[in-house]
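# Geometric and topological summary
Next come the chains, spelled out residue by residue.
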Amino acid sequence: MSEPMRLINETGAVVGDGLPEPEVLLDGYRALVLARRLNAQAEALVRQGRLAVYPSSHGQEACQVAAAAVLADTDWLFPTYRDVAAIAARGVDPLDVLMMLRGDWHCGYDPLATRVAPQATPLATQLPHAVGVGHAARLKGEDTVVMALCGDGATSEGDFHEALNFAAVFASPVVFLVQNNKYAISVPLARQSAAESLAAKGAGYGMPAVLVDGNDLAALTVVLSEAVARARRGGGPTLVEADTYRIRAHTNADDPSRYRTDDEVDEWRPRDPLLRLRAHLTSTGALTPEREAEFAAAAEEMAAHVRAGMGEETALDPAELFAHVYSTPTPQLREQAALLAAELNEVRS
Amino acid sequence: MTEKPTMIQALNRALHDAMAADESVVVFGEDVGPLGGVFRVTDGLTATFGGNRCFDTPLAEAGIVGVAVGMAMNGMRPVVEMQFDAFAYPAFEQIVSHVAKIGNRTRGRVRLPMVIRVPYGGGIGGVEHHCDSSEAYYAHTPGLLVVTPATNTDAYGLLRAAIEHPDPVVFLEPKRQYFTREELDQDPVPPIGRAVVRREGGDATLIAYGPTVPVALAAAEQAAAEGRDLGVVDIRSIVPFDDETVTAAVRRTGRAVVVAEAPGFASVASEIAARVSERCFHHLEAPVRRVTGFDVPYPPPKLERHHLPGVDRILDAVDDLQWDET
């Protein structure tokens, strides 16, 4: 288990059997281009002060894209705060995804309509929820599969253990994808686990586990598709560890020079998921300059949409603070809503 | 004549009836399956409804509550059991950060119709970590409903109401009353959010909930023998809180004592006393008194009787309500 499963290496050469169809890889490449552009756009919006904060998944886009691409419409995605690109790849409007970071509301999309859970900021706490959604589906006789995302740091949390154990005992249809990007803010992987790999933890749960090159979209697609298919046919959960790297800081508020060297980051740059898939698809002739231009244009269109939406001031109603705490506001909340309304009237008059 | 049911049997009947009425109701937790729960509240559910409707889980409270969140997101109505008050604390993050907040986080798009049953409180000679009164933690968290029955009829009715409610409910079961036998009236189901006057009284009002309601009623009985007429209000629903009923009762008497088992500092009793003071100030003949547990970790069994509010301590507080000055 020490070497990650890999199909396309850093030069774009095929190094394994069972490569997905060229059209699948081409779609994946298009999604990578959009994900990279979304990361860049969001990073720029932070610098312009229009987003409070952005945890970039630059360098991890293959994980983001593959996690979304292998799911059916009826499946569920459980993302973390670093999975904006995965949610967008699932088809949710990036503006709705970014609403949390813009500060309008905690979750900007409808989880039931999109089958994407709210982005979790407490680590690993979304994993038991994912198991619950999967367990309910199983009890109802539905073939829903749940893709649950987390990072390497989250594997140290108790909820990670409880969720995986639960899922294994009940053969829940859940795929746990750990994006091992080597850092939990500043704390390196060696401080999270003494295990040979994070995938090695699967054995303790009695769960199949795979270590995969997290910057190889082809390998991720194959591994995650197999895990999803196993879950769908009642074969239970899979733990997938994606070996990747967080190229950017934790967020714009972080200073990575305090805990890692530029040399270390530079070592990872040639392993970039876009570079290798582009090299592969160009060498096979599947990716023509026309298609490349088409993808770039789609990415620019998406970025323009995000910029335009971010430039608009949304009207927020302070009364909404009280509207959703309970399905019907309590008498106490009605009193407090009236108090705030009176304050606001006073300000206006 | 058949024997009157215990509170455990009333709760058990509520679970049976709720599961029979709605197949999306599922019950799970530790030892709730074939064993029927350590207190037998879930007795017979697995046999009647099968292992998919009532099942044992790994020993993992955060996981139990977290899985319930996901099941509620996906159309089920989970009712989970935390085996004892203090055993619920590993699930605290799930309860505070997710159970309480997902409805608000999603602008009401995702509601979590789930019930977290917690046997709570002392008075049973239990060891440490089996006797906590943990209501303040939950009541302090916006987004949770917190109810606690004091009678078998309320145990049945409030549990049915909690299971039918679209929002998450922390259902605190006073284990001191688990074996109390009483008439059980299954109809109508009391609404969550309404207190009830258990005893009318003209001189002073005792305000209690859960395990201290019978104590307050006993105190009122004794006071009556001594010529003082005490009313008793049973809060039943800590969140939402029924200011209307409480305020009306205290305004009639002008004197109030809040009786609760939890340590008094920063407690539900403190909140009630503050609310009563704010709303009834001009009707009060004396400051609102609180009779609560001491601010100590729950005592060992041989000392708990000194900690728990009893009839004498309640009546001493009533005696202090400035009777001579009126």
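These remarks concern the structure in this document.

### Quick word on the overall build of chain B
- Counting its regular elements, chain B contains twelve helices and twelve strands.
- By the compact-globule yardstick of 20 Å for 326 residues, chain B fits well, its C-alpha radius of gyration being 20 Å.
- Based on the C-alpha atoms only, the size of chain B along its principal axes is roughly 65 × 50 × 40 Å.
- The buried share of chain B, reckoned over its 326 residues, is 62%.
- Counted over contacts in chain B with a minimum sequence separation of 6, partners at least 24 positions apart contribute 81%.
- Put simply, chain B shows about 12,200 Å² of open surface, and 51% of that area lies on carbon and sulfur atoms.

### Examining the pairing of strand β11 (residues 256–263) of chain B
All names here are of chain B.
- In terms of burial, β11 is a largely internal element, seven of the eight residues being buried.
- Note that strand β8 (residues 204–208) and β11 share four bridges and pair parallel. Its bridge partner lying in β11, Ala 208 is registered against Val 259.
- In the sheet, β11 pairs with strand β12 (residues 289–293) via four bridges, with the strands oriented parallel. If you follow Val 258 over to β12, its bridge partner there is Arg 290.

### Quick notes on empty space enclosed by the protein
- Counted under the stated rule, the structure contains three cavities of 30 Å³ or more.
- Surrounding the largest cavity, Phe78(A), Ala117(A), Pro118(A), Ala120(A), Gln126(A), His129(A), Met73(B), His98(B), Ile102(B) and Arg105(B) form its lining.
- Mapped onto the lining of the largest cavity, the elements with two or more residues apiece are α6 (126–140) of chain A together with α5 (102–105) of chain B.
- Looking at the lining of the largest cavity residue by residue, the classes come out as six nonpolar, three polar and one charged.

### Section: the interface of chain A and chain B
- Listed by partner, the interface residues are 46 residues for chain A and 47 residues for chain B.
- In total, chain A and chain B occlude about 3,600 Å² of area from one another, counting both sides; carbon and sulfur atoms represent 60% of this.
- Among the residues chain A hides against chain B, the three largest losses belong to His129(A), Phe166(A) and Tyr326(A). Together they make up 18% of the total.
- Inspection of the chain A/chain B interface yields two salt bridges.
- Note that Glu320(A) is salt-bridged to Arg107(B), the shortest N-O span being 2.7 Å.
- When residues of the side of chain A that touches chain B are traced back to their parent elements, those giving at least two are β1 (76–78), α5 (111–114), α6, α7 (158–169) and α13 (331–348) of chain A.

### Section: the packing of helix α1 (residues 22–47) of chain A against helix α12 (residues 289–311) of chain A
Residue and element names in this part refer to chain A.
- Put simply, α1 and α12 touch, their axes get as near as 9 Å, and they point 35° apart. For the pair α1 and α12, the sense of crossing is right-handed. When α1 is examined against α12, the residues Leu 26, Tyr 29, Arg 30, Val 33, Leu 34, Arg 37, Leu 38, Gln 41 and Leu 45 are found in contact with a partner set consisting of Arg 291, Glu 292, Phe 295, Ala 298, Ala 299, Glu 300, Met 302, Ala 303, Val 306, Arg 307 and Met 310.
- Here the contact of α1 with α12 is composed, by residue class, of 13 nonpolar, one polar and six charged.

### As for α1(A)
- If you check α1(A), its first and last C-alpha atoms are 38 Å apart, about what 26 residues at 1.5 Å a residue would give, namely 38 Å.
- Looking at the residues trailing α1(A), positive phi occurs at Gly49(A), about 80°.

### Overview of the layout of surface pockets
- In this structure, the largest pocket encloses a volume near 1,000 Å³.
- Every residue lining the largest pocket is counted, 36 residues in all, and those nearest its centre are Tyr326(A), Ala139(B), His140(B), Thr141(B) and Pro142(B).
- Counting only elements with at least two residues in the lining of the largest pocket, the list comes to α13 of chain A together with α4 (92–99), α5, α6 (135–139), β10 (237–239) and α10 (268–280) of chain B.
- It is α10(B) that contributes the most residues to the lining of the largest pocket, four residues altogether.
- When grouped by side-chain class, the residues that make up the lining of the largest pocket number 21 nonpolar, eleven polar and four charged.

Procedures and definitions
- Residues numbered from 1 in each chain as written.
- Chains lettered and ligands numbered in written order.
- Predicted model: local features only at pLDDT ≥ 70, side-chain atom pairs only at ≥ 80, totals over all residues.
- Heavy atoms only, no water.
- Helix = DSSP H or I, 4+ residues; strand = E, 2+ residues; numbered from the N terminus.
- Rg over C-alpha atoms; globule rule 2.2 N^0.38 Å.
- Buried < 20%, exposed > 50% of the residue type's maximum accessible area, 1.4 Å probe, protein only.
- Contact = heavy atoms within 4.5 Å.
- Areas by Shrake-Rupley, 256 points an atom, 1.4 Å probe, with all protein chains shown as cover.
- Pairing = 2+ DSSP bridges.
- 1 Å grid on protein atoms, 1.4 Å probe; cavity = no way out; pocket = protein on both sides within 12 Å on 5 of 7 lines; lining within 4 Å.
- Points joined across faces, edges and corners; volume = space filled by probe spheres on them.
- Nonpolar A, V, L, I, M, F, W, Y, C, P; charged D, E, K, R; others polar.
- Buried area = accessible area lost by both parts, 1.4 Å probe.
- Salt bridge = Lys/Arg side-chain N within 4 Å of Asp/Glu carboxyl O.
- Axes fitted to C-alpha atoms, helices over the stretch in contact; angles between N-to-C directions.
- Left-handed = near helix turned anticlockwise from the far one by under 90°.
- Expected span 1.5 Å × (residues − 1).

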